[in-house]
Amino acid sequence: MYKKILLGTTLSILLTSVFVSTEAKVQEGTNTDVIKTLTATLKQRFRAEPSSIQQSVIPNLYQVMYGTEVVYVSDDGKYFLSGDLIDLKTRENLSEIAKRGIRNDMLNKQDNKPVVFKAKDEKHVLTVFTDIDCPYCAKLHREVPELNKKGITVKYLMFPRAGLQSESYKKAVSMWCSDDQQQAMTDAKARKPIPSKTCDNPVAAQYNLGGDVGVTGTPALITSSGRLIPGYVPAERLAKMLDADSVKK
């Protein structure tokens, strides 16, 4: 939703070069009036109030969040910048880092009723948006036992890419409504038939949540830090990524 709002505007500029210390700090409370003014301006421009506005590491440039979409606006409200903000010294994508906290808030604000493959000696928790009919999702699922052995708990949320009227959606509902969700998930991903079932289920809510946190394809992996990893990653490499991610947290 927010992406459509932001792409609908022609108000954008290209920042060709920026040389600025990322250690610049703004004291809390000094920018309240600017934030109020920018909130009103952006609400009028996009017909939607920003989720949050705060001073960025660049003087006179504010970071604006619309859900998990990040844009930047000059303090006078005249200039709008869409794109990633990179710290050249550390090579960190500051825009992506800003999105991680929002993703975690969205994922953790309620019980999303995932299908869980829990590790015995849990070191990491990985949220995976998956599609029953996605080949690379099936490939990842075959490696879940190995991930569990490495201390990685996998929490599955459903994201039927073809939408909520698709066969993939119906299969996801049947899996979720099964008496043994884990076995039904494994069978369905192995292209084995599972009994058709319906019940009160969270599949549509999980699908919508995926869109809100920025999922555009499957599998989509979200770490406990809120980092979004698109696509299949082999178990050995994924374990190393999660170890590194937990250190950075």
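Above: the structure in question.
Structural notes, computed from the coordinates. Quick caveat: nothing in here was measured; it's all calculated off a predicted structure.

### Overview of the pairing of strand β7 (residues 152-158)
Most of β7 sits inside the fold, with six of its seven residues counted as buried. Direction of pairing for strand β5 (residues 115-117) relative to β7: antiparallel, over a ladder of three bridges. Within the sheet, the bridge partner assigned to Phe-117 lies in β7 and is Val-154. The sheet contact formed by strand β6 (residues 124-130) and β7 spans seven bridges and is parallel. Across the sheet, Val-128 pairs through a bridge with Tyr-156, a residue of β7.

### Considering the sheet that holds strand β2 (residues 61-66)
Sheet strands associate in pairs through backbone hydrogen bonding, adopting either a parallel or an antiparallel arrangement. Taken in spatial order, the four strands make up an open sheet running β1-β2-β3-β4, and their pairing is antiparallel. A strand with exactly one partner marks an edge of an open sheet, and here the two such strands are β1 (52-55) and β4 (80-82). Each strand axis lies, on average, 30° off the axis of its neighbour in the sheet, ignoring direction. Of the strands in this sheet, β1, β2, β3 (69-74) and β4 touch helix α2 (residues 32-46), which is tilted by about 50° from β2.

### Structural notes on the side chain of Asp-245
By the element assignment, Asp-245 lies in helix α9 (residues 235-248). Here Asp-245 sits buried without a salt bridge, and the closest side chain of opposite charge, Arg-100, lies 4.1 Å off (N-O distance). When residues no more than four places from it in sequence are discounted, the contact partners of Asp-245 are Arg-100, Thr-223, Ser-225 and Arg-227.

### A closer look at the state of the cysteines
Scanning the model with the defined rule gives one disulfide in all. Covalently, Cys-177 is tied to Cys-199 through a disulfide, its sulfur atoms 2.0 Å apart. In this structure the cystine formed by Cys-177 and Cys-199 twists about its S-S bond by roughly -90°; its chirality is therefore left-handed. Within this pair, whereas Cys-177 is found in the loop between α6 (167-176) and α7 (181-189), its partner Cys-199 is found in the loop between α7 and α8 (203-213), the two being separated by 22 residues in sequence.

Reading the values: rules and limits
Positions within a chain are numbered from 1, following the residues in the order the chain's sequence is written. Since the coordinates come from a predicted model, pLDDT governs what is reported: local features require at least 70, and pairs of side-chain atoms require 80 or more to be given and counted, while whole-chain, interface and lining totals use all residues. Computation of side-chain values: all heavy atoms of the structure, hydrogens and water removed. Burial here depends on accessible area, computed with a 1.4 Å probe over protein chains only, as a share of the maximum for the residue type. Under 20% is buried, over 50% is exposed, and the range in between is partly exposed. For helices the rule is a DSSP run of H or I covering at least 4 residues; for strands it is a run of E covering at least 2, with both sets numbered from the N terminus onward. At least two bridges found by DSSP between two strands is the condition for calling them paired. Only C-alpha atoms enter the line fits that serve as axes; for helices the fit covers just the stretch in contact. Angles between N-to-C directions range over 0 to 180 degrees. What makes two residues a contact is simply this: any of their non-hydrogen atoms within 4.5 Å. Positive charge is attributed to Lys and Arg, negative charge to Asp and Glu, and no charge count is given to His or to the chain ends. In the sections that follow, a salt bridge refers to a side-chain nitrogen of Lys or Arg positioned within 4 Å of a carboxyl oxygen of Asp or Glu. When the sulfur atoms of two cysteines come within 2.5 Å, that pair is taken as a disulfide.

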